[in-house]
2 protein chains.
Amino acid sequence: MARIAGVSQSAVSRVFKPGASASAAMRRRVMDAATRVGYRPNAIARGLITRRSNMVGVVISKLVNLNYPEVLVEITQRLSGRGIRVLLFALETEGDTAAALDQVVQYRVDGVITAAMLTGEQLGMLDEAQIPVVFYNRAPDVPAVNAVRCDHAAGERWLVGELVDSGHRRFSIISGPEDSPVSTERTLGAVEELKRLGVSDVTVARGDYGYGSGREGFSTIVGELGAPPDAVIAANDTMAIGCIDEARAMFGLEVPGDMSVVGFDGVGPSAYAAYQLTTVSQPVAQMSEAAVSMLTERIENPELPKEQRVFSGIPIRGNSARLANNP
Amino acid sequence: MARIAGVSQSAVSRVFKPGASASAAMRRRVMDAATRVGYRPNAIARGLITRRSNMVGVVISKLVNLNYPEVLVEITQRLSGRGIRVLLFALETEGDTAAALDQVVQYRVDGVITAAMLTGEQLGMLDEAQIPVVFYNRAPDVPAVNAVRCDHAAGERWLVGELVDSGHRRFSIISGPEDSPVSTERTLGAVEELKRLGVSDVTVARGDYGYGSGREGFSTIVGELGAPPDAVIAANDTMAIGCIDEARAMFGLEVPGDMSVVGFDGVGPSAYAAYQLTTVSQPVAQMSEAAVSMLTERIENPELPKEQRVFSGIPIRGNSARLANNP
């Protein structure tokens, strides 16, 4: 076929090898020749020979949290740049991993990046099948796993410290779904730092990471307290936005004039002029790159030790909280 | 292995066959037995025999448009419910399909759902490889393709009709990226309906579907006109939100008091209390189900004729436009 296309054999290989570079002109010449002779390399058959499928399973739960689409695109494009394809598993809830995991193993993916928690048993199954796993923003409580995460607790400590420093005393929290380890880490991080600073009476309403649950959460809080708190700490930006809208629209409150509201994630809408959230932004590009390189290194070299990389969130002062140290 | 698990052979098959039903207890019993005997069905090897990979390629371009994550999750979960996995291709721009398409063919996917435009040549390649394709929200200008789309032009006609009826005369448009057929259909739909209703002098600023470009687009428009128009038609909700924020924050305008702004899509933030967009919502659940069933029917039966399904958008009256007929 190289002869038909009038190019070298190595050029043909470059066109068909995932991740290898080939100019657009070269690609077209080779593909035209391939069409003429009916040649079609079969990535799956090749996978049976090399014992590589060149596919990575990515497991995410339902994207109520606006942060995940961005993560998914970052990870997919970075894997794609390395010639690796993404087999996507979108779960309804984070607890729903059993069926997805069976499939991951059956499809012989080379590795897994999961933004949903796995059980020790599921991890054992992947380990036995020699499929390396990288956890994204969570890590099960077992001795050694690969994980990339944002330091959610430290982010909450920053938010709480700033709020207490600025005179806030009565705090409420809108948490995320019960089965979200990220929500647990954020909520516990805030509660513990508040306790350390002498604030122990904190009202907590449970949300589901969605906008509506931020609105409802704030109503519930005011119902319980009989008055708005000084500050609301929401476990993500979307619920913080819902809380602000409810406070303004239904209670006539000014944010941050009458009450401070803070979020977490740094999603697009957090920067909308109507909200300008005081929040902690996750460094998604760096975290995605870390997850992809951590996984591909372990696909190449299964003997590498387990590793955890923890990234600090980026404090965003915004304009939804009355902070004493604001410029 | 059925003997070891103490269940029937057909129960074992049900556990391993994608999409077949098996109780959680049954699944665990069979998987435990499978682990003990080291049995692991190989979906890829099976694919070589059945000539099915049970994978569908889904092609999307960068998710600047907040509508796509929702579409992706809907499609993935619906395919998953049918025992089919999603091989994800996330393109940087819609024009960037060449390399992705080579991979789609190499991985022998059973079919493709694409929210990015393909060339006639690319379609021919898929056709030759007998891989059915369903276009999502776009259709190339060739005689016969499978496509599911929202009637963007009709949606714009509704918006324009309501605005003109309510006395708006000076119109501006913030369009989407040049390589987006959806933006072209929306923008042309609005321009033509305006012309039909006697409004031919329309300022158009080009955006990229992102929030910032909505803000910049509005500044550009005011710069060109020397004053704000009566109404801005944005090619998606995210730019409409940017436009509203710019009008309020930088020009001290009230929306809808001083100016009307309308969007398209019905994404989550369009319903935030600060915006409450007047927009047209895409029926994502119905469109996703239609795309998935259109594709799976053609995987089962390649002889089926090509088909196009067009869904009407859902008019949302919202509160970002002064409409005479508002309740």
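Residues numbered from 1 in each chain as written. Chains lettered and ligands numbered in written order. Predicted model: local features only at pLDDT ≥ 70, side-chain atom pairs only at ≥ 80, totals over all residues.

A few points about the overall build of chain A
Here's step 1: Within chain A, the secondary structure is distributed over twelve helices and twelve strands.
Here's step 2: Across chain A, contacts joining residues at least 24 apart in sequence account for 69% of those joining residues at least 6 apart. (Helix = DSSP H or I, 4+ residues; strand = E, 2+ residues; numbered from the N terminus. Contact = placed C-beta atoms within 7 Å.)

Describing the environment of B:Leu295
All names here are of chain B.
Here's step 1: Position of Leu 295 among the secondary structure elements: in helix α12 (residues 284-300).
Here's step 2: Overall, the presence of 24 C-beta atoms within 10 Å leaves Leu 295 in the buried class.
Here's step 3: Every residue in contact with Leu 295, bar those within four places of it in the chain, is listed here: Val 56, Gly 111, Ile 113, Pro 132 and Val 134. (Buried ≥ 20, exposed ≤ 12 C-beta atoms within 10 Å, placed from the backbone.)

So, unusual backbone geometry
Here's step 1: The peptide bond linking A:Val255 to A:Pro256 adopts the cis configuration, its omega dihedral lying at 10°.
Here's step 2: With respect to the helices and strands, the residue A:Pro256 is situated in the loop between α11 (237-251) and β9 (260-262).
Here's step 3: Positioned with a positive phi, B:Tyr209 is a non-glycine residue whose angle comes to about 80°.
Here's step 4: Looking at the element boundaries, B:Tyr209 is found in the loop between β7 (203-206) and α10 (211-225).

What about the pairing of strand β5 (residues 146-150) of chain B?
Residues and elements named next belong to chain B.
Here's step 1: Where burial is concerned, most of β5 is hidden: five out of the five residues are buried.
Here's step 2: Examined bridge by bridge, strand β4 (residues 133-136) and β5 share three bridges and lie parallel to one another. The residue of β5 that forms the bridge with Val 134 is Asn 146.
Here's step 3: Pairing geometry for β5 and strand β11 (residues 308-311), over four bridges, is parallel. When the bridges of β11 are listed, Arg 149 appears paired with Val 310. (Pairing = 2+ DSSP bridges.)

With respect to the domain arrangement of chain A
Here's step 1: Domain annotation for chain A reports domain 1 (2-41), domain 2 (53-149 + 283-311) and domain 3 (152-282).
Here's step 2: A separation of 29 Å is found between the C-alpha centroids of domain 2 of chain A and domain 3 of chain A. (Domains from an automatic or database assignment.)

Some words on the environment of B:Ser180
Here's step 1: Residue position: B:Ser180 is located in the loop between β6 (171-175) and α9 (181-196).
Here's step 2: For the pair B:Ser180 and B:Asn146, spaced 34 residues apart in sequence, the C-alpha separation works out to 19 Å.

Remarks on the nonpolar core
Here's step 1: Counting 94 residues, the largest nonpolar core has A:Ala291 and B:Ala291 as its most contacted members.
Here's step 2: When neighbours within four sequence positions are excluded, B:Ala291 is seen to be in contact with B:Ile75, B:Ile113, B:Val134, B:Tyr136 and B:Val148.
Here's step 3: One finds A:Ala234, A:Val255, A:Tyr275 and B:Leu194 within the second-largest nonpolar core, a separate group that totals 78 residues. (Core = buried A, V, L, I, M, F, W, Y, C linked by C-beta atoms within 7 Å.)

Some thoughts on the sheet that holds β7(B)
All names here are of chain B.
Here's step 1: Spatial strand order, β7-β6-β8-β9: four strands in an open sheet with parallel pairing. If you trace the sheet from one side to the other, it starts and ends with β7 and β9 (260-262), each paired once. Geometrically, the sheet is characterised by an average inter-axis angle of 15° between neighbouring strands, direction not taken into account.
Here's step 2: The pairing of strand β8 (residues 231-234) with β9 spans three bridges and is parallel. Each residue of the ladder has a partner; that of Ile 233, found in β9, is Val 262. (Axes fitted to C-alpha atoms, helices over the stretch in contact; angles between N-to-C directions.)

Let's talk about the packing of helix α8 (residues 152-165) of chain B against α9(B)
All names here are of chain B.
Here's step 1: Between α8 and α9, the shortest axis-to-axis distance is 8 Å and the interhelical angle comes to 40°. Comparing their axes, α9 and α8 come out oblique. Taken as a pair, α8 and α9 cross one another with a handedness that is right-handed. Facing α8, whose interface residues are His 152, Ala 153, Glu 156, Arg 157, Val 160 and Gly 161, α9 presents Val 182, Glu 185, Arg 186, Gly 189, Ala 190, Glu 193 and Leu 194.
Here's step 2: Tallied by class, residues from the contact of α8 with α9 come to five nonpolar, three polar and five charged. (Parallel < 35°, antiparallel > 145°, perpendicular 65-115°, else oblique. Left-handed = near helix turned anticlockwise from the far one by under 90°. Nonpolar A, V, L, I, M, F, W, Y, C, P; charged D, E, K, R; others polar.)

Remarks on the pairing of strand β3 (residues 111-114) of chain B
Residue and element names in this part refer to chain B.
Here's step 1: Side-chain alternation along β3 places Gly 111 and Ile 113 on one buried face and Val 112 and Thr 114 on a second face that is also buried.
Here's step 2: Of the strand pairs in this sheet, strand β1 (residues 55-61) and β3 are connected by four bridges, and their pairing is parallel. Following the sheet pairing, Val 59 is matched in β3 by Thr 114.
Here's step 3: Sheet topology places β3 next to β4; three bridges connect them, and they run parallel. Paired with Ile 113 across the strands is Val 134, a residue of β4.

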